[in-house]
There are 2 protein chains.
Amino acid sequence: MTIPDQTGADTTTEVHAAWLPPEAFRAVGSRRVLVHGEGLLVDTVREEVAGACARYGGAYDSAYGGAYGGEPHAHAGPYDLVLALTTAEPLPGVAGEVRAELRRRPDPAIGEQGFALARRDGVTVVLADDPAGLLYGLFQVVRLGEAAFEADRPVELHRPAMLRRMLDHWDNVDVHPVMGQVERGYAGGSIFWRDGAARGDLARVRAYARLLAACGVNAIAVNNVNVHATEAHLLTDRLGDVAAIADELRPYGIRVHLSVNFASPVVLGALPTADPLDEGVREWWAATTAKVYATIPDFGGYVVKADSEGQPGPFAYGRSHADGANALADALTPYGGVVHWRAFVYDHRQDWRDRSTDRARAAHDHFAPLDGRFGDNVILQVKHGPMDFQVREPVSPVIAAMPATRLAAELQVTQEYTGQQRHVCYLAPMWREVLGFRPWGPDGPAVADVVGGGGGLVGVSNVGDDPYWTGHPLAQANLYAFGRLAWAPPLDPAAILDEWIDLTFAPMTTGKTAPAATGETAPAATGETAPAATGETAPAATGDAEPLRRTLHAMMDDSWRTYERYTAPLGVGFMVRPGHHYGPDVDGYEYTPWGTYHFADRDGVGVDRTRATGTGFTGQYPPPWSEVYESLDHCPDELLLFFHHVPYGHVLHSGSTVVQHIYDTHFAGVEQVERMRLRWAETAGSVPPGLHARVAELLDEQLRCAREWRDQINAYFFRKSGVPDARGRRIP
Amino acid sequence: MTIPDQTGADTTTEVHAAWLPPEAFRAVGSRRVLVHGEGLLVDTVREEVAGACARYGGAYDSAYGGAYGGEPHAHAGPYDLVLALTTAEPLPGVAGEVRAELRRRPDPAIGEQGFALARRDGVTVVLADDPAGLLYGLFQVVRLGEAAFEADRPVELHRPAMLRRMLDHWDNVDVHPVMGQVERGYAGGSIFWRDGAARGDLARVRAYARLLAACGVNAIAVNNVNVHATEAHLLTDRLGDVAAIADELRPYGIRVHLSVNFASPVVLGALPTADPLDEGVREWWAATTAKVYATIPDFGGYVVKADSEGQPGPFAYGRSHADGANALADALTPYGGVVHWRAFVYDHRQDWRDRSTDRARAAHDHFAPLDGRFGDNVILQVKHGPMDFQVREPVSPVIAAMPATRLAAELQVTQEYTGQQRHVCYLAPMWREVLGFRPWGPDGPAVADVVGGGGGLVGVSNVGDDPYWTGHPLAQANLYAFGRLAWAPPLDPAAILDEWIDLTFAPMTTGKTAPAATGETAPAATGETAPAATGETAPAATGDAEPLRRTLHAMMDDSWRTYERYTAPLGVGFMVRPGHHYGPDVDGYEYTPWGTYHFADRDGVGVDRTRATGTGFTGQYPPPWSEVYESLDHCPDELLLFFHHVPYGHVLHSGSTVVQHIYDTHFAGVEQVERMRLRWAETAGSVPPGLHARVAELLDEQLRCAREWRDQINAYFFRKSGVPDARGRRIP
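Residues numbered from 1 in each chain as written. Chains lettered and ligands numbered in written order. Predicted model: local features only at pLDDT ≥ 70, side-chain atom pairs only at ≥ 80, totals over all residues. Heavy atoms only, no water.

A.B. asks: Would you mind showing me how to read the overall build of chain A here?
C.D. replies: For chain A, the helix and strand inventory stands at 22 helices and 20 strands. Rg of the C-alpha trace for chain A: 26 Å, near the compact-globule value of 27 Å for 732 residues, within the 12% margin. Projecting the C-alpha coordinates of chain A onto the three principal axes gives extents of approximately 80 × 65 × 55 Å. When each of the 732 residues of chain A is scored for burial, the buried share is 63%. (Helix = DSSP H or I, 4+ residues; strand = E, 2+ residues; numbered from the N terminus. Rg over C-alpha atoms; globule rule 2.2 N^0.38 Å. Buried < 20%, exposed > 50% of the residue type's maximum accessible area, 1.4 Å probe, protein only.)

A.B. asks: Any chance you could explain the relation of the copies chain B and chain A here in plain terms?
C.D. replies: Here chain B sits on chain A after a turn of 180° about the axis and a move of 0.0 Å along it, with an RMSD of 0.0 Å. The transformation relating the two chain copies, once decomposed into turn and shift, fits a two-fold axis. Here 100% of the contact residues of chain B are again contact residues in chain A; the copies associate through an equivalent surface. (Least-squares fit on C-alpha atoms with pLDDT ≥ 70 in both. Contact = heavy atoms within 4.5 Å.)

A.B. asks: Looking at this structure, I do not really get the interface of chain B and chain A. What am I missing?
C.D. replies: Between chain B and chain A, the residue contacts involve 27 residues of the former and 27 residues of the latter. For the pair chain B and chain A, the summed buried surface comes to about 2500 Å²; carbon and sulfur atoms form 42% of the total. Per-residue buried area on chain B facing chain A is highest for Tyr-591, Arg-602 and Arg-719 of chain B; these three make up 35% of the total on that side. Linking Glu-590 of chain A and Arg-719 of chain B is a salt bridge whose minimum nitrogen-to-oxygen distance equals 2.9 Å. Between the two partners, chain B and chain A, sit 19 residue pairs in polar contact (both at pLDDT 80 or more). For the side of chain B that touches chain A, the class distribution of residues is 8 nonpolar, 5 polar and 14 charged. (Buried area = accessible area lost by both parts, 1.4 Å probe. Salt bridge = Lys/Arg side-chain N within 4 Å of Asp/Glu carboxyl O. Polar contact = N/O pair within 3.5 Å; in protein donor to acceptor, adjacent residues only side chain to side chain. Nonpolar A, V, L, I, M, F, W, Y, C, P; charged D, E, K, R; others polar.)

A.B. asks: Would you explain the sheet that holds strand E13 (residues 255–259) of chain B in this entry?
C.D. replies: Across a sheet, strands are paired by hydrogen bonds formed along the backbone, either parallel or antiparallel in direction. Residues and elements named next belong to chain B. Judged by pairing direction, the barrel is parallel, and its 8 strands sit side by side in the order E7-E12-E13-E14-E15-E16-E17-E18 before closing back on the first. Each strand of the sheet is rotated relative to its neighbour by a mean of 25°, with strand direction disregarded. Where strand E14 (residues 301–304) lies against strand E15 (residues 338–342), 4 bridges are found, and the strand directions are parallel. For Tyr-302, the partnering residue across the bridge sits in E15 and is Val-339. Strands in contact with helix H10 (residues 321–332) are E14, E15 and strand E16 (378–383); relative to E15, the strand with the most contacts, it is inclined by about 160°. (Pairing = 2+ DSSP bridges. Axes fitted to C-alpha atoms, helices over the stretch in contact; angles between N-to-C directions.)

A.B. asks: Before we go on, may I ask you to explain helix H2 (residues 40–56) of chain B in this structure?
C.D. replies: Along an α-helix, residues three or four apart share an orientation, since each turn contains 3.6 residues. Residues and elements named next belong to chain B. A rise of 1.5 Å per residue sets the reference length of H2, with its 17 residues, at 24 Å; its end C-alpha atoms lie 25 Å apart and thus fit the reference within 8%. The set of residues buried in H2 consists of Leu-41, Val-42, Asp-43, Thr-44, Val-45, Arg-46, Glu-48, Val-49, Ala-52, Cys-53 and Tyr-56. If you follow the buried residues of H2, they end up packed against helix H1 (26–29), strand E1 (32–36), strand E2 (59–63), strand E3 (81–85), helix H4 (131–144) and helix H5 (202–215). One or two residues past the end of H2 sits Gly-57, with phi positive at roughly 85°. (Expected span 1.5 Å × (residues − 1).)

A.B. asks: Help me out: how do you make sense of helix H7 (residues 239–249) of chain A in this one?
C.D. replies: Residues Leu-239, Val-242, Ala-243, Ile-245, Ala-246, Glu-248 and Leu-249 of chain A constitute the buried set of H7 of chain A. The inward-facing, buried residues of H7 of chain A abut strand E10 (193–194), helix H5 (202–215), strand E12 (219–221), strand E13 (255–259) and helix H9 (279–295) of chain A.

A.B. asks: Explain unusual backbone geometry here, please?
C.D. replies: When glycine is set aside, most residues are seen to have a negative phi, and most peptide bonds are trans. Of note, the bond from Pro-623 of chain A into Pro-624 of chain A is cis; its omega dihedral lies within 30 degrees of zero at 5°. In this structure, Pro-624 of chain A sits in the loop between strand E19 (604–605) and helix H19 (625–630). One non-glycine residue, Gln-113 of chain B, adopts positive backbone phi at about 70°. For Gln-113 of chain B, the position within the fold is in the loop between helix H3 (93–103) and strand E4 (115–120). Unusually for a residue other than glycine, Phe-599 of chain B sits at a positive phi of about 60°. Examined against the element boundaries, Phe-599 of chain B turns out to sit in the loop between helix H18 (559–566) and strand E19 (604–605).

A.B. asks: What should I look at first to understand the sheet that holds strand E1 (residues 32–36) of chain A in this one?
C.D. replies: Residue and element names in this part refer to chain A. Strand order across the open sheet formed by 6 strands is E2-E1-E3-E5-E4-E6, with mixed pairing between neighbours. If you trace the sheet from one side to the other, it starts and ends with strand E2 (59–63) and strand E6 (153–158), each paired once. This sheet shows a mean twist of 10° between the axes of neighbouring strands, independent of strand direction. Here 5 bridges tie strand E4 (residues 115–120) to strand E5 (residues 123–128), and the two strands are oriented antiparallel to one another. Paired with Arg-119 across the strands is Thr-124, a residue of E5.

Shown next, in the form of structure tokens:
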């Protein structure tokens with residue numbers, strides 16, 4: 001394996017361009033472009049356009065040029081593309097027409113961060129009310145590529161479904177003795193921190209910001225929610241390190257957030273208490289927060305994991321989580337900051353013998369009674385499922401239980417339980433299901449609507465200092481898809497993947513529909529054996545990228561379900577090696593205090609969470625799901641063992657028995673990985689050799705690990721049930 | 001828990017006296033004693049006697065006084081005790097009579113390290129041919145206490161069953177990132193090394209040597225058999241650290257051995273190979289060894305773990321283990337040194353699906369064919385069982401398979417798999433069984449005879465820098481018993497425990513049969529709350545130590561079997577948490593590459609190692625055991641699952657079924673721990689409070705852990721077998 005370990009060497013000089021290779025800007029860069037408006041992010045648009053035009057022979061013009069122009073000047077049109085704020089004056093020609101059309105609408109505002117896109121009379125127009133919207137509009141034109149300059153298009157309004165699209169980094173400043181530099185990080189070290197200090201590689205941070213803006217992310221928490229001793233100081237004497245990061249993120253419209261330790265008043269302030277109702281504590285937070293904003297005026301706010309897995313919290317003082325969250329929120333109110341307060345609170349020291357305690361219930365039990373008691377600038381950050389980022393869980397019932405609270409849904413982009421960026425596991429289909437789930441039934445709002453109402457979407461980042469950013473090059477697609485789904489939850493995961501392929505593999509695909517070639521050649525290779533990426537020899541554009549596209553879809557579209565097939569079956573979850581969570585160990589957590597059990601015995605398997613005979617967890621859902629999940633007849637197959645303990649002979653809706661389903665899916669999952677691996681082998685020559693080798697190596701590991709899962713799961717259930725495989729395959 | 005962790009603070013100022021408190025010398029120290037002879041170890045005897053007499057009012061006299069006298073002088077008798085070399089002249093009186101009697105025997109020699117003990121006419125006499133024997137004779141008198149000065153006793157000859165009684169320390173010099181300062185150490189840090197350097201606490205080393213001499217140990221390997229980078233250098237540029245330790249051990253008759261890396265010629269010598277047949281390699285070992293002996297003239301030799309669990313070895317060069325061992329042995333021959341070559345060689349990357357591979361076979365498969373090919377100064381060091389220090393294993397078949405090889409048996413005093421010095425587990429009964437096992441049946445020699453023929457006994461030390469030496473104060477008894485059994489394998493474990501109790505709790509027991517009290521009081525306490533030990537307030541001697549003695553016997557005599565009852569049943573082994581090996585995890589190693597499986601399914605459990613249907617391991621034994629173990633009818637219950645895979649309903653010789661036996665023993669084991677804990681509570685006030693508190697705390701943990709074992713094992717087998725407990729007890 002060539003994946004760098006946590007102590008990995010500095011690889012910043014050879015970093016893969018991910019979905020923003022220069023070629024992705026070929027369509028824009030070969031046009032005549034006008035950028036019109038004022039503001040830091042408009043300047044960023046200018047810089048992007050100017051760079052692209054310089055590279056690809058287009059012509060760039062700037063009105064109200066800011067850093068690039070200075071004086072307003074007469075336009076040098078005609079233009080192929082106009083990017084303008086709606087407040088820009090004068091705005092003549094097609095752009096002016098589009099603006100006038102917008103202004104005639106009943107709701108004339110494009111809205112915060114949004115943009116309008118249109119094409120007529122040979123001019124593509126992007127208009128936005130604010131500079132952020134203009135930046136997102138530019139990246140939409142980049143995504144469209146040549147298509148943005150082909151047929152006319154009527155005015156389209158693009159508005160983000162969620163105003164806050166955030167990534168949480170579980171990056172430590174100090175290398176944690178067990179968890180390493182990045183907790184649950186599978187992509188090398190941190191891009192922010194190394195060995196106890198700021199890494200200082202601000203160019204890499206800037207490049208990251210650019211990638212995130214291109215997929216729509218606009219907020220980052222730069223340190224782990226488990227805030228250890230050193231990390232606590234980011235709030236005070238190490239704030240300068242955070243400010244330096246903020247300076248790099250700002251031009252791409254990304255605000256910095258900080259994970260803080262609830263006990264900071266004690267740990268940092270030497271106060272005798274961190275009681276959230278103590279006046280001294282409240283003053284400490286107010287004064288500390290004032291200093292933060294004096295240093296970082298656009299600081300986003302605090303992220304807090306309290307009373308969870310050993311972290312300090314308000315329970316120590318007999319206070320509620322609302323008391324705790326509000327204390328910090330009040331300190332942030334004067335500056336417009338928010339508190340992201342995590343709802344991941346449960347008893348991680350439970351007695352496995354006690355079948356009445358159900359970890360799945362914990363978040364709802366703790367937080368639903370507090371609905372309405374959180375301040376306006378508190379966002380309760382709820383993991384999408386009731387357990388912990390398993391490959392299959394129902395949606396958390398908390399989402400439907402707190403109408404008077406701002407809720408954010410938390411997704412895990414880093415693949416802790418989904419292959420740890422050694423397995424291909426494209427997560428957008430899972431997220432799409434989560435965001436589209438309608439807790440109150442088909443006529444009610446979806447999860448995306450609930451969290452779009454003020455909370456937003458939060459993803460745990462999968463990025464590290466790996467040259468490919470994400471360890472597995474194809475795991476980049478998860479990061480990209482997270483941003484895109486946060487912007488537009490109804491997007492089709494396959495369409496998002498298509499976007500990602502078009503951008504990322506633009507060096508190989510731009511021949512497809514490109515205008516007359518500019519004659520430019522690919523940059524010189526840095527060496528055939530380099531592990532990465534930028535500057536690596538790109539195969540010549542063949543004019544037909546379809547085989548590569550088809551291969552990537554064949555490998556990735558269904559890869560989440562493939563991973564599900566060869567791992568824990570039917571929603572039962574876990575069955576992973578304790579501690580690192582990679583690879584199978586069916587009973588690994590079965591007799592532990594962690595609350596993650598499958599209760600398999602010789603007769604059956606699954607967790608009875610019904611009201612009738614189990615833990616009553618189904619009752620945390622509103623109808624119809626409270627009834628659907630309760631019913632053995634109606635519970636969806638894929639969640640059966642999450643909600644019910646059933647005999648091995650129980651017949652699924654699919655017609656198969658539970659145990660035969662286990663065997664069949666585990667054999668099938670491995671066969672899919674085998675096919676995936678063969679498909680990838682065919683792409684040799686059509687992607688850069690370093691990337692090809694990395695993916696090929698990882699597919700070997702994925703196959704080894706998938707076989708291990710298959711054999712352990714099948715052996716376990718065969719030994720326990722005694723039921724032979726109906727198809728007579730070998731079970732070890 | 002107050003057990004110091006691996007980084008524990010320096011506790012050298014308060015170290016428990018273990019089995020050599022000053023009071024243990026009261027009987028000797030209150031007598032008139034003559035020490036007669038020359039030599040370093042005779043001087044040690046003098047020092048011990050002089051110190052005891054100074055403390056307890058006796059009179060000490062020295063002939064050929066060495067450091068203590070100078071000129072021979074007229075004896076100032078009469079004496080109560082004479083300790084003399086048989087070469088000492090003049091030797092008048094009773095001592096002379098005893099010597100004359102010895103000289104009239106057909107074999108007049110007492111022999112190496114041995115001593116003769118007699119009492120007549122009011123004089124107790126100890127005679128030895130060599131100084132070491134005199135030292136061991138002194139400690140025998142100390143053990144006897146007042147009994148040494150009561151009735152007459154005819155001449156008894158005491159000769160060690162094994163000339164080499166050795167402890168291996170698995171101490172690292174550098175703190176290993178996973179294994180810590182001491183690999184499988186449960187008693188704090190190392191007494192030799194700390195954080196990459198020699199600890200320099202030579203007084204502690206000296207105290208350790210004295211304790212070891214008092215129980216008969218005469219060799220130590222001072223570093224881990226897994227020889228990492230830093231530790232490799234002990235052989236060359238860090239040899240001075242080893243020499244400093246040797247200087248402290250020498251006065252107590254203990255020789256230093258060193259674990260070396262087989263690849264040393266490459267690692268240290270910058271040679272291109274470590275091929276044992278390469279002339280340059282052989283020259284390197286010769287030159288290096290010459291330097292070792294120039295520095296440490298009584299150096300014992302090398303310990304080597306080769307081709308085992310990742311350590312380098314001769315296989316890399318296509319050579320046999322005989323080739324490898326002989327290369328090092330040849331270098332040691334000129335100086336009388338030996339190589340301890342470990343037979344712990346197996347495939348630790350085996351495929352769990354492959355039931356034909358059997359780790360139990362590995363040592364015999366590797367080494368038996370090499371019998372007769374090892375040099376005279378090679379000792380093949382064989383773990384007592386074929387697996388790895390489980391609570392119950394058969395004796396290794398290698399013991400009976402290599403008549404032309406010097407064999408040592410290796411025991412594990414450190415309680416890796418037997419409670420990690422948090423559980424009371426007195427191991428002497430297990431070792432007694434091992435040493436008394438007769439591989440060729442009742443008329444053949446015992447294991448003790450085989451290894452007594454030149455190999456000796458090796459124990460992995462359980463000592464660390466903990467104030468009680470061994471973490472659990474009662475684990476001291478294991479170290480003591482190891483030495484005693486190596487000296488005299490037929491000793492009754494209960495009698496050894498009695499010796500240990502009498503010595504260790506002498507401050508509480510000397511009232512029992514003591515002569516008129518000297519009026520001396522116990523040393524002042526260093527403080528009621530001190531965790532340790534020397535100087536701690538001793539309760540006043542009550543004149544009746546029997547309750548404490550009875551309690552300790554009740555707690556310890558059967559504690560090994562108690563541990564067995566609540567852990568892995570019927571010889572099947574393991575079922576421990578992977579990695580640290582503490583606490584239960586029934587399937588923890590079931591699907592791993594380590595070769596340690598139980599194969600439990602819904603119908604039965606156990607490993608079929610028969611020739612008829614299994615791995616054929618039973619064929620590695622000579623008759624009768626090859627037949628006994630092969631036969632389901634004759635295989636002893638306690639090893640049933642080691643040799644056979646049987647249905648849960650299989651009826652044991654005990655009359656119980658396998659599954660009911662599992663339930664019964666696990667309930668019983670916990671009940672025994674509960675009783676143990678109650679018994680200990682009764683001793684409050686009759687042992688030092690710090691020691692009492694430490695043991696009480698550990699018993700709480702033992703009970704918690706025993707319950708965890710009981711519940712996990714019972715739940716596992718109930719879930720798998722579906723057989724309810726015949727007595728209707730709750731299985732979770």
